Amino acid sequence: AEERFAAVSPGIARGLLELRDQVRADTALVDRIRRKYRMKNTMGYSLNAFLDHATPVAILSHLMIGSEGTLGFIAEAVLRTVPDYPLKHTGMLFFPDVPAACSAIVPLRESGARTLELMDRASLAAVVGRPGVPERIPGLPPNAAALLLEYQESSDSDLADRLAGCHDLLPSLSLQSEPIFTRDPARQADLWAVRKGLIPSVGAQRQRGTAMIIEDVVFPREALADGVRELQEMCAAHRYDDAIVFGHARDGNLHFVLNQRFDDPEAVRGFDGFMKKLADLVAVRYGGALKGEHSTGRNMAPFLELEWGPEALAVMRRVKELVDPEGLLNPGVLINDDPQAHITHLKSLEPVEEEVDPCIECGFCERLCPSRDLTRTPRQRIVLRREMTRLRREEPGSDRLRQLEREFQYSGIDTCAADGMCATGCPVGIDTGLLVKLLRDEAHPVWRRGLARSMARHFGVVEKAARGGLRVARLARGILGAGGARGAARLSRALGLDAPLDSPDLPEAASALLPPTRREGARAVYLPSCVSRALAPAGSDRPLTDVVVEVSARAGAPVWIPDGISEHCCGMPFGSKGYRDAAAIAAGRFIEAIWEWTEGARLPVVLDTSPCALTLRHCGPDLEEDLRGRWEQLEMLAGLECAGKLGVPLLENRRRPGA
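The present account deals with the structure reproduced in this document.

Conventions we followed
Numbering of residues starts from 1 in every chain and runs along the sequence as written. Selection of residues for local features in this predicted model requires a pLDDT of at least 70, selection of side-chain atom pairs for listing and counting requires 80 or more, and totals for whole chains, interfaces and linings are taken over all residues. The side-chain figures draw on all heavy atoms in the structure; neither hydrogens nor water molecules are used. A side-chain nitrogen of Lys or Arg and a carboxyl oxygen of Asp or Glu constitute a salt bridge if their distance falls within 4 Å. The secondary structure listing takes helices from DSSP runs of H or I that are at least 4 residues long and strands from runs of E that are at least 2 residues long, numbered from the N terminus. Buried means the residue's accessible area, taken with a 1.4 Å probe over protein chains only, is under 20% of the maximum for its type, while exposed means over 50%, and partly exposed covers the values in between. Should DSSP find at least two bridges between two strands, the strands are regarded as paired. Here, residues are in contact when the closest pair of their heavy atoms is within 4.5 Å. Axes here refer to lines fitted to C-alpha atoms; in helices the fit is confined to the stretch in contact. Angles between the N-to-C directions go from 0 to 180 degrees. Nonpolar side chains (Val, Leu, Ile, Met, Phe, Trp, Tyr) are joined into patches within 5 Å and like charges within 9 Å, using only residues with over 30% relative accessible area and no salt bridge. Residue burial considers only the protein chains on display, and all accessible areas are found by Shrake-Rupley using a 1.4 Å probe.

Looking at the pattern of salt bridges
- Tallied over the full model, the rule gives 44 salt bridges.
- Residue Lys-291 pairs with Glu-215 through a salt bridge whose shortest N-O separation is 2.4 Å. Of this pair, Lys-291 sits in the loop between helix 13 (265-285) and helix 14 (297-300) while Glu-215 sits in strand 5 (residues 211-218); the two residues are 76 residues apart in sequence, bridging distant segments of the chain.
- Its salt-bridge partner being Asp-581, residue Arg-453 comes within 3.7 Å of it at the nearest N-O pair. Pair noted here: Arg-453 is in helix 21 (residues 446-457) and Asp-581 is in helix 26 (residues 580-597), with a separation of 128 residues, a long-range link.
- Here Asp-581 falls in the partly exposed class, since its relative accessible area comes to 47%.
- Through salt bridges with shared partners, a single ionic network connects Glu-350, Glu-387, Arg-390, Arg-393, Glu-394 and Arg-400.

Comments concerning the sheet that holds strand 9 (residues 559-560)
- Strand order in the open sheet made by the 4 strands is 9-8-10-11, with parallel pairing throughout. Lying at the two open borders of the sheet, with one neighbouring strand each, are strand 9 and strand 11 (636-638).
- Relative to strand 10 (residues 605-607), strand 8 (residues 524-527) runs parallel, the two sharing 3 bridges. Considered in strand 10, the bridge of Val-525 is made with Val-605.
- Lying on the sheet, helix 26 is in contact with strand 8, strand 9 and strand 10; it crosses strand 8 at an angle near 145°.

Let's talk about the sheet that holds strand 2 (residues 115-120)
- Taking strand neighbours across the sheet as the criterion, the 7 strands line up as 4-1-3-2-6-7-5 in an open arrangement whose pairing is antiparallel. Whereas interior strands pair on both sides, the edge strands pair on one side only; in this sheet they are strand 4 (180-182) and strand 5. On average, each strand axis in the sheet is inclined to that of its neighbour by 15°, with strand direction left out of account.
- Sheet topology note: the strand 1 (residues 87-95)/strand 3 (residues 145-153) ladder contains 9 bridges and is antiparallel. In the strand pairing of strand 3, Phe-95 is matched with Ala-145.
- The sheet strands contacting helix 10 (residues 185-196) are strand 1, strand 2, strand 3, strand 4, strand 6 (244-248) and strand 7 (253-260), and the helix crosses strand 1 at an angle near 50°.

Topic: the pairing of strand 2
- Here strand 2 lies mainly inside the structure; 6 of its 6 residues are buried.
- The side-chain alternation of strand 2 yields two buried faces, one formed by Thr-115, Glu-117 and Met-119 and the other by Leu-116, Leu-118 and Asp-120.
- Inspection of the sheet shows strand 2 paired to strand 3 by 6 bridges, in the antiparallel sense. Residue pairing for strand 3: Met-119 is matched across the bridge by Ala-146.

Overview of a nonpolar patch on the surface
- Residues Leu-544, Val-547 and Val-551 make up a contiguous nonpolar surface patch of about 220 Å² in total accessible area.
- As for its placement among the helices and strands, Val-547 is situated in helix 24 (residues 544-554).
- With a relative accessible area of 31%, Val-547 lands in the partly exposed category.

Okay, structure coming up:
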């Protein structure tokens, strides 16, 4: 690699070696680099590469890390990860104030704690009311703070030694109340949820139209208590009343969150003053780092020289010139000549529909979105919605606005599954599908709404028509060939179907006959979804309804399928298309029937698709008052939940893996 690099890019290779020698010859700069990297530091380029490595490839590869795309594009990376120890003991300690919590960091670290996360009182207040939050948090005094700590080891004996040292240490700490310790994985997850839920919780509670600013500074560990105190005082002085301070106290690395308006010139001037004072506090007075994890970015680029000094900045500029002489790669992101770069080209956060307005654009939802590889993710839909709102305010009638509105119909609305999966990954539970359903509802003409209501009241006819339509479409395609397929496609478009009837994956219709079951002795009422009832499985797979009935019987927990199930639907097909009235009618009819089938909620209900279970669990607000009381008493289980609650406990373990 070194030979090829020298042959292909001799200027870069030679320049890096010259810089290496220049840096190593500057004793003061070497001392500064060594001192800066005794703590976490991601501000600027990784100058330690010139001290830790000798060859051009090794130096450049380490300069690339944290360079934010200003030196190139990393197509592949191999990560060396820290061990994930199998045994963990998690705790939360409460202190009267931040200095008391910070004074405990060094002894707890020396006792072997692998994690020490600091949370100030405002941080803790932000998560009050969330599931799993310790009950004592709301009653903490105004200046209180907490440390989340965790001991992790590979053996019980090693963990016991660590815990013994911790408990010997506790009496010497200035604790506000009794600590919480647990080895229960569920309770550990609750404690970690407090820490992980801070940023999205604050973001969701911010005022409409404000942007959430997240920074992560580093103080020397011995100065952490004073640094946090002054940072809190600075936030208060600049009227950031909802700011929170938290972070990786074990490393002296703190995050803080501000909610900032960028559409008010006075607010922008205040933000400018705050950032300049912050840079002086962290980089000059305490000799810390303005970035510990997140890399420099435009917000900190103007303060790069303040932290590193002119000699180090000159080296960084030379690195950029060597690799990207035309300045094409992410210009201004890491090195920026504009001293006001942190308050120019600011992105406004336009208020949009309340269903999605709390979004902080973190992207946690994206991996769960069915359309992420087809058109748009939930985050992208919200960002586009905000941009269209901005354009309607600033550039009404512009070509850009018309283009976005035209393309958003397909990429943003038509292709959204509206299944609520994004809400399960969102830290604050935003369901972008609710927005899409609202937009779809607004677009429906009156006659379609009436047709949907009629279909909801006569769903048995709809289900029969669906099976019949599938049979006719497959028959037409088989007899008429390509012409029949094109005709089927036109028919499907006329009907507004998502899956064209000429699709090569067109499924077969399921049999109208469901497996026989008995009401007597049933442990649950099984309600096959309309999808399971209408569509046959692919290939030689058995129908899902047959499998559920057989497995339940073999587990000793037989289920019963009511005769009138084909007349009902949970309402999701209507709701996902924006027909809210029809969805409410379908759900109401279903809940009324379920009440009778379960003998007044005596038996639980089993649904074989999780979207149906989710829909029925959340349909209460759309029901009439008398039905809502019945709905609240029903127990509705998805397939896996039923297996875990009714099936697995009754099974005898007859065979072990490998036996």
